[in-house]
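Each chain is listed here by its residues.
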Amino acid sequence: MGDGIQWLVGATSSSGWMLDVHFARGIGAEELALRLGASLGARAEPMTDAEMADLDIDAYPDRGPGSAVIRAGEDDGWAFAIMYGPYLDRLAEVSRDGVEAVHYHYNSEHPPTNVLYARDGRTVCGFGLCEESNRYGDEPDLLLPDLVAAGILHPDGETYRDSGIDDYDDRKRLGLAVFEERFGLSLPRSALAEDPLPVYAIMGSPAPDFEEISVWAAANGKPLPDTHLRLIPAGLRKEYERATDPEWWQRGAHHLTARVEWSPHA
């Protein structure tokens, strides 16, 4: 018996990223990584969630290198990939050729956290947690009987059994339980704790200045970046820019101000 996925409600990456998980049944973890954009054989040594903090990845491509990586594994018949970086919708590619796929995309407010199920390259069904009356996909009502049985919706699919929500986390767990039970989904809690998992770059690799910064790092006794991921660790990039760019301090102050002033609701 696995850990299920209801525990994802309230869970966050220790590296500060919104939690974004892809699941696939019918392929292994490496094939899932390839379908998400990794290069064949370009796998780094296993890392824990906490160790992801120093990789050069950015959820806002217009403000950074526009790169993304995943930590991948398998559990209870499903391959899974925990994503770090910008939101990517690759359900069609992941689910091609008879593969089943589920994408859990966490949002803190609105639009809500949503969960989508795909098969054979098409999105079959899905909904937002606490917004189950809005359903998506080619068969949007596939999970309606499950939502009714869970006490979330009336059979009309539009009205809620309990219109007054006292605990949103409990309601989100009810919605996730529908996916967990219908498809047998599970993700080990240890995947966001102590488990080291293989890491793949799925976007932004190789970094355009990878060789340049690697040569500088070697000449200055700095730890060399991973030659498989071919991404530049954020700390190393900062040291390189500070040492080689005479206007670094001015650029850094402007960048910091821009990030402070930016609001997701702007």
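These notes cover the structure that comes with them. (Residues numbered from 1 in each chain as written. Predicted model: local features only at pLDDT ≥ 70, side-chain atom pairs only at ≥ 80, totals over all residues. Heavy atoms only, no water.)

**A look at the overall build of the protein**
Inference 1: Looking only at helices and strands, the protein has 7 helices and 9 strands in total.
Inference 2: Each of the 266 residues in the protein was classed as buried or not, and the buried ones make up 45%.
Inference 3: Sequence-distant contacts, at least 24 apart, represent 62% of the contacts inside the protein between residues at least 6 apart.
Inference 4: Only carbon and sulfur atoms are counted for the fraction: they give 49% of the accessible area of the protein, which is about 13200 Å². (Helix = DSSP H or I, 4+ residues; strand = E, 2+ residues; numbered from the N terminus. Buried < 20%, exposed > 50% of the residue type's maximum accessible area, 1.4 Å probe, protein only. Contact = heavy atoms within 4.5 Å. Areas by Shrake-Rupley, 256 points an atom, 1.4 Å probe, with all protein chains shown as cover.)

**Thoughts on the sheet that holds strand S5 (residues 100–105)**
Inference 1: What the 9 strands build is an open sheet, ordered S2-S9-S3-S4-S1-S5-S6-S7-S8; its pairing is antiparallel. In this open sheet, the two edge strands, each paired with only one partner strand, are strand S2 (43–47) and strand S8 (131–136). When the angles between neighbouring strand axes are averaged without regard to direction, this sheet yields 25°.
Inference 2: Pairing of strand S3 (residues 68–75) with strand S4 (residues 78–84) involves 7 bridges; the strand directions are antiparallel. (Pairing = 2+ DSSP bridges. Axes fitted to C-alpha atoms, helices over the stretch in contact; angles between N-to-C directions.)

**As for the nonpolar core**
Inference 1: In terms of nonpolar packing, the biggest core is built from 44 residues, with Phe 23, Val 69, Phe 179 and Leu 187 touching the most fellow members.
Inference 2: Residues Ile 27, Leu 32, Leu 88 and Val 94 belong to the second largest nonpolar core, which totals 22 residues. (Core = buried A, V, L, I, M, F, W, Y, C linked by side-chain atoms within 4.5 Å.)

**Structural notes on the pattern of salt bridges**
Inference 1: One pass over the full model with this rule turns up 14 salt bridges.
Inference 2: Across the salt bridge formed by Arg 96 and Glu 31, the nearest N and O atoms sit 3.9 Å from each other. One end of the pair, Arg 96, is in the loop between helix H2 (91–94) and S5; the other, Glu 31, is in helix H1 (residues 29–36), with 65 residues separating them in the sequence.
Inference 3: Judged by relative accessible area, which is 29%, Arg 96 ranks as partly exposed.
Inference 4: On the accessibility criterion, Glu 31 (28% relative accessible area) is partly exposed.
Inference 5: A salt bridge links Arg 96 to Asp 97, with the nearest nitrogen and oxygen atoms 2.7 Å apart.
Inference 6: Looking at Asp 97, the relative accessible area reads 63%, which means it is exposed.
Inference 7: Among the charged side chains, a salt-bridge network with shared partners connects Glu 31, Arg 35, Glu 93, Arg 96 and Asp 97. (Salt bridge = Lys/Arg side-chain N within 4 Å of Asp/Glu carboxyl O.)

**Structural notes on the pairing of strand S1 (residues 20–25)**
Inference 1: In terms of burial, S1 is a largely internal element, 5 of the 6 residues being buried.
Inference 2: Two elements, S1 and S4, share 5 bridges in a ladder whose sense is antiparallel. The residue of S4 that forms the bridge with Val 21 is Ile 82.
Inference 3: Strand direction decides the pairing type here: S1 and S5, joined by 6 bridges, are antiparallel.

**Examining the packing of helix H5 (residues 210–219) against helix H6 (residues 234–244)**
Inference 1: Running from amino to carboxyl end, H5 crosses H6 at an angle of 80°, the nearest separation of the two axes being 11 Å. One element, H5, and the other, H6, form an angle in the roughly perpendicular class. Contacts between H5 and H6 pair Glu 212, Ile 213, Trp 216 and Ala 217 from the former with Leu 236, Arg 237, Glu 239, Tyr 240, Ala 243 and Thr 244 from the latter.
Inference 2: Among the residues forming the contact of H5 with H6, the class breakdown is 6 nonpolar, 1 polar and 3 charged. (Parallel < 35°, antiparallel > 145°, perpendicular 65-115°, else oblique. Nonpolar A, V, L, I, M, F, W, Y, C, P; charged D, E, K, R; others polar.)

**Examining the environment of Ala 42**
Inference 1: Here Ala 42 shows up in the loop between H1 and S2.
Inference 2: Overall, Ala 42 belongs to the buried group, its relative accessible area being 17%.
Inference 3: Between the alpha carbons of Ala 42 and Arg 230 there is a distance of 8.8 Å; along the sequence they are 188 residues apart.
Inference 4: Residue contacts for Ala 42: discarding those within four places in its chain leaves Val 199, Tyr 200, Ala 201 and His 228.

**A closer look at the packing of aromatic side chains**
Both the distance between ring centres and the angle between the ring planes are used here to describe each pair of aromatic rings.
Inference 1: Applying the stated criterion across every chain, the model contains 4 aromatic pairs.
Inference 2: Their ring planes at 45° and their centres at 5.7 Å tell us that Phe 179 and Phe 183 sit as a pair that is tilted. In this pair, Phe 179 and Phe 183 both sit in helix H4 (residues 168–183), 4 residues apart, roughly one turn of the helix. Side by side, Phe 179 and Phe 183 carry an identical accessibility label, which is buried.
Inference 3: Counting every residue linked through ring pairs, the aromatic cluster contains Tyr 117, Phe 127, Phe 179 and Phe 183. (Phe/Tyr/Trp six-rings, centres within 6.5 Å; stacked < 30°, edge-to-face > 60°.)

**Concerning H5**
Inference 1: Buried residues of H5: Phe 210, Ile 213, Ser 214, Trp 216 and Ala 217, and no others. Buried residues of H5, seen end-on, are gathered within an arc of 165° and therefore sit on one face of the element. In H5, those exposed residues whose orientation departs by more than 90 degrees from the buried face are Val 215, Ala 218 and Ala 219.
Inference 2: The secondary structure elements touched by the buried residues of H5 are H6.
Inference 3: The first or second residue beyond H5 is Gly 221, which carries a positive phi of 70°. (Arc of directions from axis to C-beta.)

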